Amino acid sequence: MKNKNIIITGASQGIGETISEKFFNNYSNIFLISRNKDKLEKIKKRLSDKKDSTQTISYFVASVENYNDISNIVKTIISKFKHIDVLINNAGITDDNLIVKMKEKQWDQVINTNLKGTYNCCKAVSKYMIKQKSGKIINISSIIGEIGNKGQVNYAASKAGIVGLTKSLSKELGSRNINVNAINPGFIKTKMTENLDKDKNLDFLNKIPLNRFGTVEDVSNLAYFLASKDSDYITGQTINIDGGMVV
Ligand SMILES: NC(=O)c1ccc[n+]([C@@H]2O[C@H](COP(=O)([O-])OP(=O)(O)OC[C@H]3O[C@@H](n4cnc5c(N)ncnc54)[C@H](OP(=O)(O)O)[C@@H]3O)[C@@H](O)[C@H]2O)c1
């Protein structure tokens, strides 16, 4: 992946940070997006020390909810680096509640970040990838979009929506040599899952045949494969990475 230009959203921590580092360690240029400047700056500093002389690490402070901001970021990258090889739509939030208690704001916020944010980023890069006649788009969905979960109608709907978006976009862009796939992580140890209570954790663990929670490295390895030439004939797919939880 040397000299490839990779955009990663939600890159300030967790799965997005590790995906960014995976590409960085393989000599790609990485362009990080999140809303938290301090965290992005820290990652940039940490990785800059290990940088290959030709490599770039840039970050952009923005919300994926805002199409204009995302579109301007993409234009900025294109004006300097000429092409975008990979987009990884990883930014995502949860805001759980049972439906009777769920506020409209909780529904809107989760849909706008997870689903509309993915749409915004896909839209912003698509025209350039179409011109290049190449590109890989990887959308981070969730097994919850497939199996549902109590208290997560907003999250599950947003993640199921990402799968539909992925399938449709793979059909739109396939003839231009652009692959669009989704990843469904199961239970991965990050800040997003650290606040679940012990009983719920045990409940999840009992349902995982491989008998362990996933790591951010498990997910970054799959994202890397889907971005590489090794997966050139895979498109429109949603791949579960969940230790066998959903079989
Ligand atoms: N952990 C799991 O078990 C699991 C399972 C299935 C799916 N996933 C999915 O994997 C992805 C990453 O999850 P994670 O566990 O790494 O979560 P995390 O640690 O909470 O990280 C979420 C990332 O998304 C960013 N983000 C949130 N809202 C954003 C916005 N509006 N614009 C730009 N960036 C935004 C956050 O950055 P800022 O706060 O700096 O903006 C942060 O970098 C999510 O899409 C999640 O749904 C996770």
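Residues numbered from 1 in each chain as written. Predicted model: local features only at pLDDT ≥ 70, side-chain atom pairs only at ≥ 80, totals over all residues.

**Looking at the overall build of the chain**
- Counting its regular elements, the chain contains nine helices and seven strands.
- Taken along the three principal axes of its C-alpha coordinates, the chain extends 50 × 40 × 35 Å.
- In the chain, which comprises 247 residues, the share counted as buried stands at 43%.
- Sequence separation of at least 24 residues holds for 75% of the intrachain contacts in the chain that already meet a minimum separation of 6. (Helix = DSSP H or I, 4+ residues; strand = E, 2+ residues; numbered from the N terminus. Buried ≥ 20, exposed ≤ 12 C-beta atoms within 10 Å, placed from the backbone. Contact = placed C-beta atoms within 7 Å.)

**A look at helix H9 (residues 216-227)**
- End to end, H9 covers 16 Å across 12 residues, agreeing with the expected 16 Å (1.5 Å per residue, within 8%).
- Counting buried positions over the 12 residues of H9 gives nine, a clear majority of the element.
- Those residues of H9 not exposed but buried are Val 216, Asp 218, Val 219, Ser 220, Leu 222, Ala 223, Tyr 224, Leu 226 and Ala 227.
- Along its buried surface, H9 packs onto helix H1 (14-25), strand S4 (86-89), strand S5 (135-140), strand S6 (178-185) and strand S7 (238-241). (Expected span 1.5 Å × (residues − 1).)

**So, unusual backbone geometry**
- Positive phi outside glycine occurs at Lys 133, with the angle close to 60 degrees.
- The topology assignment puts Lys 133 in the loop between helix H4 (104-132) and S5.
- Accessibility expressed as a C-beta count within 10 Å gives 10 for Lys 133, which makes it exposed.
- Backbone geometry places Asn 177, a non-glycine residue, at a positive phi of 65 degrees.
- Tracing the backbone through its elements, the reader meets Asn 177 in the loop between helix H6 (153-173) and S6.
- The class for Asn 177 is partly exposed, based on 15 C-beta atoms found within 10 Å.

**A short note on the pairing of strand S3 (residues 57-61)**
- Inspection of the sheet shows strand S2 (residues 29-34) paired to S3 by five bridges, in the parallel sense. Each bridged residue has a counterpart across the sheet, and for Leu 32 the counterpart in S3 is Tyr 59.
- In this region the chain leaves S2, passes through helix H2 (residues 37-48) and returns to the parallel neighbour S3; the handedness of that crossover is right-handed. (Pairing = 2+ DSSP bridges. Right-handed = clockwise from strand over helix to strand, strands pointing away.)

**Quick look at the site of the ligand**
- Taken together, 31 residues surround the ligand, and among them Gly 10, Gly 14, Asn 36, Gly 92 and Thr 190 come closest.
- Looking at the shell around the ligand, the elements with two or more residues in it are H1, S2, H4 and helix H7 (191-194). (Near = placed C-beta within 6 Å.)

**A look at the pairing of S4**
- Residues Val 86 and Ile 88 line one face of S4 and the alternating positions Leu 87 and Asn 89 line the opposite face, and both faces are buried.
- Inspection of the sheet shows strand S1 (residues 5-9) paired to S4 by three bridges, in the parallel sense. Within S4, the position partnered with Ile 7 by the bridge is Leu 87.
- In terms of strand pairing, S4 meets S5 through four bridges, oriented parallel. Residue pairing for S5: Val 86 is matched across the bridge by Lys 136.

**Some points on H1**
- Its 12 residues place the ends of H1 17 Å apart at the C-alpha level, agreeing with the 16 Å of an ideal helix rising 1.5 Å per residue.
- Among the 12 residues of H1, 11 are classified as buried, and the element is accordingly described as predominantly covered.
- Gly 14, Ile 15, Gly 16, Glu 17, Thr 18, Ile 19, Ser 20, Glu 21, Lys 22, Phe 23 and Phe 24 are the residues of H1 that are buried.

**A word on the packing of helix H3 (residues 67-81) against H4**
- Here H3 crosses H4 at 30 degrees, and the two axes come no closer than 9 Å. Considering how the two elements wind past one another, H3 and H4 form a crossing that is right-handed. In this structure, H3 contributes Tyr 67, Ile 70, Ser 71, Val 74 and Ile 78 to the contact, and H4 contributes Asn 120, Cys 121, Lys 123, Ala 124, Val 125 and Tyr 128.
- Taken together, the residues of the contact of H3 with H4 sort by class into eight nonpolar, two polar and one charged. (Axes fitted to C-alpha atoms, helices over the stretch in contact; angles between N-to-C directions. Left-handed = near helix turned anticlockwise from the far one by under 90°. Nonpolar A, V, L, I, M, F, W, Y, C, P; charged D, E, K, R; others polar.)

**Examining the sheet that holds S2**
- The seven strands lie next to each other as S3-S2-S1-S4-S5-S6-S7, forming an open sheet whose pairing is parallel. Each having just a single partner strand, S3 and S7 make up the two edges of the open sheet. The sheet shows a mean angle of 15 degrees between the axes of neighbouring strands, taken without regard to direction.
- In the packing of H3 onto the sheet, contacts are made with S1, S2 and S3, and the angle to S2 comes to roughly 165 degrees.
- Sheet contacts for H6: S5, S6 and S7; angle to S6, the most-contacted strand, approximately 165 degrees.

**Re the environment of Gln 106**
- By the element assignment, Gln 106 lies in helix H4.
- Owing to 17 C-beta atoms within 10 Å, Gln 106 belongs among the partly exposed residues under this scheme.
- C-alpha of Gln 106 to C-alpha of Thr 94: the two residues are 12 residues apart in sequence and 8.8 Å apart in space.
- Non-local contacts of Gln 106, meaning those with residues more than four positions away in its chain, are made with Asp 95, Asn 97 and Asn 154.

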